[in-house]
2 protein chains.
Amino acid sequence: MKTSCQHRHRHSHKKQELAALTSRLRREARKITGPRAAILEILRHHPHPLTNKEIFAQLPKGECDLATIYRAMQMLEKLGMVKRFDFGDGAARFELVGEGDDGHHHHLVCTRCAEVVEIAECFPEEIERRIANTNGFTGVTHRLEFFGLCPECQK
Amino acid sequence: MKTSCQHRHRHSHKKQELAALTSRLRREARKITGPRAAILEILRHHPHPLTNKEIFAQLPKGECDLATIYRAMQMLEKLGMVKRFDFGDGAARFELVGEGDDGHHHHLVCTRCAEVVEIAECFPEEIERRIANTNGFTGVTHRLEFFGLCPECQK
DNA sequence: AGCCAGTTGCAAACGGTTTGCAACTGGGTG
DNA sequence: CACCCAGTTGCAAACCGTTTGCAACTGGCT
Ligand SMILES: [Mn+2]
Ligand SMILES: [Mn+2]
Ligand SMILES: [Zn+2]
Ligand SMILES: [Zn+2]
């Protein structure tokens, strides 16, 4: 038996096919343009959340405008194809999300070199349920990121 | 016997004396000025994190400049008298921290009306320790906030 | 009373993000 | 396959929270 994870995140299917991504776009009546294909291609090959500027930097220069990336990420987020993360440094980060996955998961970030580790653990459901009930809230979810010193930066 | 909380936050001592706060400033060789006293007075009476703009709005108009508030909060944070929180809306929020307390705690925020509830629960230490060990990180801590619909907004 | 490091107001700069607009194009229609 | 237009793009300007340079001011010590 394999260790089973209580949530199935995007970690399960490493890379999504570009074709699957574009068909998902087409299905939503969105156009497959040069910039969009390029952005998806970059996200597809990157395992951790990327800022708009980082995506921009990876693009062959002149490929597309920064504003276009902002607009693309907004759209992809609305379609649920991308998940937004916040490492508290003032820049949004985005990660591709598998189809049918809500992308909810967490990270461990080095406060010195910014190395990122994907974390499988989540805040215990039972405690969250208690917090929600105690306060009469519904639809409760959480934002959670871990910070510390990575092995390299401890030396 | 009273229900004991595993961490001792600022929730224990409801309001700190203004005198205690100013003496804490003096001890650090900081000047007690009009703006600073006014800011502390506002924080002292507010149970939840406030943005700089919110503090500014509560100040008798003309009392002090917005930039002064930004500078004051930076200083207070550095002295550990105030804790910074991030509800993901792009504006930092600050809450007064009791002496000897690091202020670590969490909130439950209504996504519709922005009501805030102080939360006593924390991410389980044992799981956090495991996450740190597994990845060789040290000094691991976390940022965690809950979001949902408050009782009022469900109607 | 006098001094000076620390503090303040003001305005400009900053960095991430959004937006108005006119030119352009993907992809369905006939 | 040519046409057409809603959707998309680049560019520049606007935005918004935050920081900073600077000259005037002041709390608290001698
Ligand atoms: Mn991730
Ligand atoms: Mn709080
Ligand atoms: Zn989680
Ligand atoms: Zn915690």
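Everything here concerns the structure above.
(A) Molecular detail of the coordination of the manganese ion (ligand 1). All names here are of chain A. Looking at the manganese ion (ligand 1), one finds its protein donor set to be Glu95 (OE), Glu95 (OE), His105 (NE2), His107 (NE2), Glu118 (OE) and Glu118 (OE), positioned 1.9 to 2.6 Å from the metal centre. Taken together, the six donor atoms coordinating the manganese ion (ligand 1) span angles of 56 to 148° at the metal, a pattern that classifies the geometry as irregular. One chain supplies every donor for the manganese ion (ligand 1), spaced along it as E-x9-H-x1-H-x10-E. With glutamate 95 in strand S3 (residues 92-96) and glutamate 118 in strand S5 (residues 116-119), the pair connects residues that are 23 residues apart, well separated along the chain. Both residues of the pair, glutamate 95 and glutamate 118, count as buried.

(B) Molecular detail of empty space enclosed by the protein. Applying the stated criterion across every chain, the model contains one cavity of 30 Å³ or more. Estimated volume of the largest cavity: approximately 120 Å³. Taken together, 13 residues line the largest cavity, and the ones lying closest to its centre are Asp86, Arg143 and Glu145 of chain A together with Asp86 and Arg143 of chain B. Among the secondary structure elements, those contributing two or more residues to the lining of the largest cavity are strand S6 (138-149) of chain A together with strand S6 (138-149) of chain B. Tallied by class, residues from the lining of the largest cavity come to six nonpolar, one polar and six charged.

(C) Quick look at the protein's contact with DNA strand D. Around DNA strand D sit 22 residues, and of these Thr33, Arg36 and Thr68 of chain A together with Tyr70 and Ala92 of chain B come closest. Backbone atoms, meaning sugar plus phosphate, form 67% of the atoms of DNA strand D positioned within 4 Å of the protein. In this structure, a phosphate oxygen belonging to DNA strand D sits 2.6 Å away from a side-chain N or O atom of threonine 33 of chain A. Within the residue set of the surface near DNA strand D, elements represented by two or more residues are helix H2 (34-45) and helix H4 (66-78) of chain A together with helix H3 (52-58) and helix H4 (66-78) of chain B. Per-element tally for the surface near DNA strand D: the top contributor is H4 of chain B, with four residues. Of the residues in the surface near DNA strand D, the class split is seven nonpolar, five polar and 10 charged.

(D) Structural context of the sheet that holds strand S2 (residues 82-86) of chain A. Residue and element names in this part refer to chain A. Overall, antiparallel pairing links the three strands, which are arranged S1-S3-S2 in an open sheet. Bordering the open sheet on either side are strand S1 (50-51) and S2, each of which pairs with just one other strand. With five bridges connecting them, S2 and S3 associate as antiparallel partners. Along S3, the bridge assignment pairs aspartate 86 with alanine 92.

(E) Region of the structure containing the relation of the copies chain A and chain B. Of the transformation placing chain A onto chain B, the axial shift is 0.0 Å and the rotation is 180°, giving an RMSD of 0.1 Å. These values place the two chain copies in the arrangement generated by a two-fold rotation axis. No C-alpha of chain A approaches the rotation axis more nearly than that of leucine 144 of chain A, which lies at 2.2 Å. Of all interface residues in chain A, 100% are interface residues in chain B too; the two copies therefore contact each other through one and the same surface.

(F) Structural view of the sheet that holds strand S2 (residues 82-86) of chain B. All names here are of chain B. Strands sit in the order S1-S3-S2 across an open sheet of three strands; the sheet is antiparallel. This sheet does not close on itself; its edge strands, each paired only once, are strand S1 (50-51) and S2. Together, S1, S2 and strand S3 (92-96) form the strand contacts of helix H2 (residues 34-45), whose direction differs from that of S3 by roughly 80°.

(G) Just the coordination of the zinc ion (ligand 4), in detail. Residue and element names in this part refer to chain B. Around the zinc ion (ligand 4), the protein supplies His104 (NE2), His106 (NE2), Cys122 (SG) and His142 (NE2) as donor atoms, at distances of 1.8 to 2.3 Å. The coordination sphere of the zinc ion (ligand 4) comprises four donor atoms, whose angles at the metal cover 94 to 127°; the geometry is tetrahedral. In the primary structure, the donors to the zinc ion (ligand 4) are separated according to the pattern H-x1-H-x15-C-x19-H. A residue pair is termed long-range when its members are at least 10 positions apart, and histidine 106 in strand S4 (residues 106-110) and cysteine 122 in the loop between strand S5 (116-119) and helix H5 (125-135) qualify at 16 residues. Side by side, histidine 106 and cysteine 122 carry an identical accessibility label, which is buried.

Cut-offs and rules
- Residues numbered from 1 in each chain as written.
- Chains lettered and ligands numbered in written order.
- Predicted model: local features only at pLDDT ≥ 70, side-chain atom pairs only at ≥ 80, totals over all residues.
- Heavy atoms only, no water.
- Donors = N, O, S within 2.8 Å, 3.2 Å for Na, K, Ca; no water.
- Tetrahedral: all angles 85-135°; square planar, octahedral: opposite > 155°, others 65-115°.
- Helix = DSSP H or I, 4+ residues; strand = E, 2+ residues; numbered from the N terminus.
- Buried < 20%, exposed > 50% of the residue type's maximum accessible area, 1.4 Å probe, protein only.
- 1 Å grid on protein atoms, 1.4 Å probe; cavity = no way out; pocket = protein on both sides within 12 Å on 5 of 7 lines; lining within 4 Å.
- Points joined across faces, edges and corners; volume = space filled by probe spheres on them.
- Nonpolar A, V, L, I, M, F, W, Y, C, P; charged D, E, K, R; others polar.
- Near = heavy atom within 4 Å.
- Polar contact = N/O pair within 3.5 Å; in protein donor to acceptor, adjacent residues only side chain to side chain.
- Pairing = 2+ DSSP bridges.
- Least-squares fit on C-alpha atoms with pLDDT ≥ 70 in both.
- Contact = heavy atoms within 4.5 Å.
- Axes fitted to C-alpha atoms, helices over the stretch in contact; angles between N-to-C directions.

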